[in-house]
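Here is what each chain is made of, one letter per residue.
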Protein chains: 2
Amino acid sequence: METRTATTKADFETAARLQVDFNTEYNYPVPPADELAGHLSRLVENGDTTVMLIGEPAVGHGITRFRVQTMADELEAYLAELYVVPDRRGQGLGTVLLQAIIDEAKARGATNMDLGTSEDDKSARALYEKFGFDNHEGRGSGPRSLFYEKEL
Amino acid sequence: METRTATTKADFETAARLQVDFNTEYNYPVPPADELAGHLSRLVENGDTTVMLIGEPAVGHGITRFRVQTMADELEAYLAELYVVPDRRGQGLGTVLLQAIIDEAKARGATNMDLGTSEDDKSARALYEKFGFDNHEGRGSGPRSLFYEKEL
């Protein structure tokens, strides 16, 4: 299955539509798809974001954010979103998509990637752990690392 | 206890020294303090970072990173670091420091703040939860949100 980074208006509209489906499925707030497409396009244009698509027509997407690390003059990547449409799950598309995202992040020079995911999302956690993502402080054997959030 | 944002070379040297103490205490990799001071100064100059200090001489610090949100044209804040020296803990300094960090983030226009912390760090978690930080997907009653990380 082919992957590609979103570059055209049609690509961003596709990614936005997939993201709206994602948010709807998980009961997150749903932005208007046309506004989100424009927003994603601007993020990519401004240089700190990659939007990856899989399939033609696309059946999954990922959004990665980049910035200089707090402790070192190297890039870190944050996997903000990863989604495969429900009827194509369990067919290895997440693996192909995440591999493409990691390859692209490494090509940009990122040396670290992090993400937050739900404790009860066993398939997502299995995917991340297969790629070596670790949920423990100090990696492997320490206490787990928890993700906290607050509206300001 | 007074708080202030780091602006001078001496401020960044102080913050770097505190950060080195932090990393040493928690067995994280320890960058050279002079390199870290320069790096933090550049991050602040480039506009996506705040370094907050508490006390004179400083006995704690926080580092906050900002970027445009993935889903909306608003800023999000990531609390990358928060530290109070061991012999001044339990005196409410973390509360004063975190309040100053949140106030400054709101003043910059951030509408969301997130962070990762260790499951076994009860005092840090109690502090964050006192301020309304939530570790659950969908807030309050959903499954917990876990923080995963991987070297690339």
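Residues numbered from 1 in each chain as written. Chains lettered and ligands numbered in written order. Predicted model: local features only at pLDDT ≥ 70, side-chain atom pairs only at ≥ 80, totals over all residues. Heavy atoms only, no water.

Draft legend 1. Looking closely at helix H3 (residues 93-108) of chain A. Residue and element names in this part refer to chain A. Helix length check: H3, at 16 residues, gives a terminal C-alpha distance of 23 Å against a target of 22 Å (1.5 Å per residue), a fit within 8%. Taken together, the buried positions of H3 are occupied by Leu-93, Gly-94, Leu-97, Leu-98, Ala-100, Ile-101, Ile-102, Glu-104 and Ala-105. Gly-109, located one to two residues past H3, shows a positive phi value of around 105°. (Helix = DSSP H or I, 4+ residues; strand = E, 2+ residues; numbered from the N terminus. Expected span 1.5 Å × (residues − 1). Buried < 20%, exposed > 50% of the residue type's maximum accessible area, 1.4 Å probe, protein only.)

Draft legend 2. Structural context of the relation of the copies chain A and chain B. In screw terms, the move from chain A to chain B is a rotation of 180° and a rise of 0.0 Å along the axis, fitting with an RMSD of 0.0 Å. Expressed as a symmetry operation, the mapping of one chain copy onto the other fits a two-fold axis. Both copies contact each other with a shared surface, as 100% of the interface residues of chain A are interface residues in chain B too. (Least-squares fit on C-alpha atoms with pLDDT ≥ 70 in both. Contact = heavy atoms within 4.5 Å.)

Draft legend 3. Seen up close, the pattern of salt bridges. A complete count under the given rule lists 18 salt bridges over all chains for this structure. A salt bridge links A:Arg65 to A:Asp48; its shortest N-O distance comes to 3.1 Å. Here A:Asp48 lies in the loop between helix H2 (33-46) and strand E2 (49-54) and A:Arg65 lies in strand E3 (residues 60-68), a separation of 17 residues in the sequence. This pair shows no difference in class: A:Arg65 is buried, exactly as A:Asp48 is. Residues B:Arg4 and B:Glu56 are paired through a salt bridge, measuring 3.1 Å at the closest nitrogen-oxygen approach. Taken together, the positions of B:Arg4 in strand E1 (residues 3-5) and B:Glu56 in the loop between strand E2 (49-54) and strand E3 (60-68) put the pair 52 residues apart, joining distant regions of the chain. Judged by relative accessible area, B:Arg4 falls into the partly exposed class, the value being 27%. (Salt bridge = Lys/Arg side-chain N within 4 Å of Asp/Glu carboxyl O.)

Draft legend 4. Fine view of the interface of chain A and chain B. In this complex, chain A contributes 54 residues to the contact, which on the side of chain B involves 54 residues. Between chain A and chain B, roughly 5,300 Å² of surface is buried when both sides are summed, and carbon and sulfur atoms account for 52% of that area. By the criterion of area lost to chain B, the three top residues of chain A are A:Arg67, A:Tyr148 and A:Leu152, representing 18% of everything that side buries. Between the two partners, chain A and chain B, sit 2 salt bridges. Measuring nitrogen to oxygen at the nearest pair gives 3.4 Å for the salt bridge that ties A:Arg144 to B:Glu119. At the boundary of chain A and chain B, one finds 34 residue pairs in polar contact (both at pLDDT 80 or more). Those elements giving two or more residues to the side of chain A that touches chain B turn out to be helix H1 (9-25), H2, E3, strand E4 (75-84), H3, strand E5 (110-118), helix H4 (122-130) and strand E6 (145-151) of chain A. In terms of residues, the side of chain A that touches chain B owes the most to one element, E5(A), which gives 9 residues. (Buried area = accessible area lost by both parts, 1.4 Å probe. Polar contact = N/O pair within 3.5 Å; in protein donor to acceptor, adjacent residues only side chain to side chain.)

Draft legend 5. Up close: the pairing of E3(B). Residues and elements named next belong to chain B. With 8 of its 9 residues buried, E3 lies for the most part within the structure. Bridge analysis of E2 against E3 gives 6 bridges, and the strand direction is antiparallel. Within E3, the position partnered with Thr-49 by the bridge is Arg-65. The antiparallel pairing of E2 with E3 creates a hairpin that spans 5 residues between the two strands, and Gly-55 there sits at a positive phi of about 90°. Across 9 bridges, the pairing between E3 and strand E4 (residues 75-84) is antiparallel. Counted as the bridge partner of Gly-62 is Leu-82 from E4. Linking two consecutive strands that pair antiparallel, namely E3 and E4, is a turn of 6 residues. (Pairing = 2+ DSSP bridges.)

Draft legend 6. Expanded view of the packing of helix H1 (residues 9-25) of chain B against helix H2 (residues 33-46) of chain B. All names here are of chain B. The N-to-C vectors of H1 and H2 enclose an angle of 120°; their axes lie 8 Å apart at closest approach. Relative to H2, the element H1 lies oblique. Read as a crossing pair, H1 and H2 show a hand that is right-handed. Contacts between H1 and H2 involve Phe-12, Glu-13, Ala-15, Ala-16, Gln-19 and Val-20 from the first element and Ala-33, Leu-36, Ala-37, Leu-40, Ser-41 and Val-44 from the second. Per-class residue counts for the contact of H1 with H2 are 9 nonpolar, 2 polar and 1 charged. (Axes fitted to C-alpha atoms, helices over the stretch in contact; angles between N-to-C directions. Parallel < 35°, antiparallel > 145°, perpendicular 65-115°, else oblique. Left-handed = near helix turned anticlockwise from the far one by under 90°. Nonpolar A, V, L, I, M, F, W, Y, C, P; charged D, E, K, R; others polar.)

Draft legend 7. Seen up close, the packing of aromatic side chains. Taken as a whole and assessed by the stated rule, the structure comprises 13 aromatic pairs over all chains. Between A:Tyr128 and A:Phe133, the aromatic rings sit 5.7 Å apart at their centres with planes inclined by 70°, giving edge-to-face as the arrangement. Using a relative accessible area of 7% as the deciding quantity, one classes A:Tyr128 as buried. Look at A:Phe133 and you get buried, because its relative accessible area is 3%. A centroid spacing of 5.2 Å and a plane angle of 40° characterise the contact between B:Phe22 and B:Tyr83, whose relative ring orientation is tilted. Here B:Phe22 is found in helix H1, whereas its partner B:Tyr83 is found in strand E4, with 61 residues between them in sequence. Accessibility expressed as a relative area gives 4% for B:Tyr83, which makes it buried. Above the face of the A:Phe66 ring, A:Arg108 is positioned so that its terminal group lies 4.0 Å from the ring centre. (Phe/Tyr/Trp six-rings, centres within 6.5 Å; stacked < 30°, edge-to-face > 60°. Lys NZ or Arg CZ within 6 Å of the ring centre and 35° of its normal.)

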